Amino acid sequence: MAPIVHGLESEYAGQINFVYLDIDDDRNDEFKNQLGFRYQPQFFLLDGEGNIIQQWVGPVTEDQFREAFETALP
C-alpha cells in the first residue's frame, strides 16, 4: 500500500493532507478513538472540518482512492 499512497500524496500535494497513524503507538490513541481506527491498513478521507467522507479497511486500489479524491475535491 505504501507505494500507492506515497505516489498519490505526491500527486495531490497542496490539495490533500496525508497523515499517518501507527495503530500500535499509544500517542495516537485520541485520534484512533475519534476515527474508530482499529485495523491496519485502514484509511480515512476527511473533509476540512474533520468529518469522515469515506473509509476503507484493508487493501485499496489506486483507482478507488482517485475516485474518492476527485469526488471530494472542489
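Quick note: structure is the one above.
Residues numbered from 1 in each chain as written. Predicted model: local features only at pLDDT ≥ 70, side-chain atom pairs only at ≥ 80, totals over all residues. Heavy atoms only, no water.

(A) Summary view of the nonpolar core. Of all hydrophobic cores here, the largest spans 12 residues; its members are Val5, Leu8, Tyr12, Ile16, Phe18, Phe43, Leu45, Trp56, Val60, Phe65, Ala68 and Phe69. Within the residue set of this core, elements represented by two or more residues are helix 1 (2-11), strand 1 (42-46) and helix 3 (62-72). Ranked by the residues each element gives to this core, the list is headed by helix 3, at 3 residues. Excluding anything up to four places from it in sequence, Leu8 contacts Phe18, Glu62, Phe65, Arg66 and Phe69. (Core = buried A, V, L, I, M, F, W, Y, C linked by side-chain atoms within 4.5 Å. Buried < 20%, exposed > 50% of the residue type's maximum accessible area, 1.4 Å probe, protein only. Helix = DSSP H or I, 4+ residues; strand = E, 2+ residues; numbered from the N terminus. Contact = heavy atoms within 4.5 Å.)

(B) Inspection of the pairing of strand 2 (residues 52-57) at higher detail. In the sheet, strand 1 pairs with strand 2 via 5 bridges, with the strands oriented antiparallel. Along strand 2, the bridge assignment pairs Gln42 with Val57. Counting the residues that bridge the hairpin from strand 1 to strand 2 gives 5 residues, and of these Gly50 lies at a positive phi of roughly 90°. (Pairing = 2+ DSSP bridges.)

(C) Broad picture of the layout of surface pockets. Considering only enclosed or pocket space, the largest pocket measures out at about 970 Å³ in volume. Lining the largest pocket are 33 residues, and of these Asn17, Phe18, Val19, Phe44 and Leu45 sit closest to its centre. For the lining of the largest pocket, the secondary-structure elements that each account for two or more residues are helix 1, helix 2 (29-35), strand 1, strand 2 and helix 3. In terms of residue count, strand 1 provides more of the lining of the largest pocket than any other element does, 5 residues in total. Tallied by class, residues from the lining of the largest pocket come to 24 nonpolar, 8 polar and 1 charged. (1 Å grid on protein atoms, 1.4 Å probe; cavity = no way out; pocket = protein on both sides within 12 Å on 5 of 7 lines; lining within 4 Å. Points joined across faces, edges and corners; volume = space filled by probe spheres on them. Nonpolar A, V, L, I, M, F, W, Y, C, P; charged D, E, K, R; others polar.)

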